[in-house]
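# An overview of the molecular structure
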Amino acid sequence: MPRSSSSKSSSKTTSYRGHAKTEPQDALDVLADDHKRVLRMFDDFEQMKEENDPDDESRQLLVENTCAELTIHAQVEEELFYPALREAIDDLDLLDEAEVEHASAKQLITELAAMQPEDDLYDAKFTVLGEYVRHHIQEEEKEIFPKAKKAGLDLEGIGDEIRQRKLELREELGIAPAEAVEDEDDEPAAKTKAGRRVH
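Residues numbered from 1 in each chain as written. Predicted model: local features only at pLDDT ≥ 70, side-chain atom pairs only at ≥ 80, totals over all residues. Heavy atoms only, no water.

### Side note on the overall build of the chain
The helix and strand tally for the chain stands at seven helices and zero strands. Reading the chain from its N terminus to its C terminus gives the helix and strand order α-α-α-α-α-α-α. In the chain, which comprises 199 residues, the share counted as buried stands at 45%. Taking as baseline every contact in the chain between residues at least 6 positions apart, the subset at least 24 positions apart corresponds to 77%. (Helix = DSSP H or I, 4+ residues; strand = E, 2+ residues; numbered from the N terminus. Buried < 20%, exposed > 50% of the residue type's maximum accessible area, 1.4 Å probe, protein only. Contact = heavy atoms within 4.5 Å.)

Written out as structure tokens, the structure reads:
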């Protein structure tokens, strides 16, 4: 189904059900798509800060949604992608470092979950989380992904497993499928997701 900018605000559900975005073909496509999504969310947060947006509710929703995306992404990597790679490549240091980076990000996510937007260091913690994530993504895409391509893994099969597991985790966490809103580039992630979050 071709992408239509004129129908962006009409029905986000239709956008998802109609698969406006081409389904990623393999594990690396799925993970790279996640990377783009969370980077957009961190950019939205920086834009809110630059505009001195006083709307704590929107800011908190954006932080919560970003943390949920990161939690799901890290879990599928740790359950499915990294174990497959460990069986196929010799450079295990890269994967060890990636898992340590995940642990650091999870710690900040846990701290943010216990905070409110008006708390001291709330914005700072989320900004630092963004810096960690940007560094991690850069290393993963430049170093780990090329090794995965050369390793002869069944990346399409792993991609199918990752997509299925992500759906299960989204259901467990009570959040809408990311594909429902991922093409809404002209709206901050907090606002595009606000009406679709399941409480």
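### A short note on the nonpolar core
As a rule of thumb, nonpolar side chains are buried together in soluble globular proteins. Membership of the largest hydrophobic core comes to 25 residues, with the highest contact counts inside it found for Phe81, Leu85, Ile144 and Ile162. The set of elements that each furnish at least two residues to this core consists of helix H2 (27-50), helix H3 (56-88), helix H4 (92-113), helix H5 (122-150) and helix H6 (155-173). Of all the elements, H3 adds the most residues to this core, at eight residues. Core analysis: the next-biggest nonpolar cluster, separate from the first, contains 19 residues, Val38, Val63, Phe126 and Leu129 among them. (Core = buried A, V, L, I, M, F, W, Y, C linked by side-chain atoms within 4.5 Å.)

### A look at the packing of aromatic side chains
All told, the structure shown has four aromatic pairs when counted by the stated rule. Ring plane angle 65° and centroid distance 4.6 Å describe the contact between Phe45 and Phe126, whose orientation is recorded as edge-to-face. Residue Phe45 is found in helix H2, and its partner Phe126 is found in helix H5; the two are separated by 81 residues along the sequence. For the pair shown, Phe45 and Phe126 are each scored as buried. Relative to Phe145, the ring of Phe81 lies with its centre 6.1 Å away and its plane at 90°, an arrangement referred to as edge-to-face. With a gap of 64 residues between them, Phe81 in helix H3 and Phe145 in helix H5 connect regions that are remote in the sequence. An identical accessibility class is assigned to Phe81 and Phe145; each is buried. One aromatic cluster is present, formed by Phe42, Phe45 and Phe126 through successive ring pairs. (Phe/Tyr/Trp six-rings, centres within 6.5 Å; stacked < 30°, edge-to-face > 60°.)

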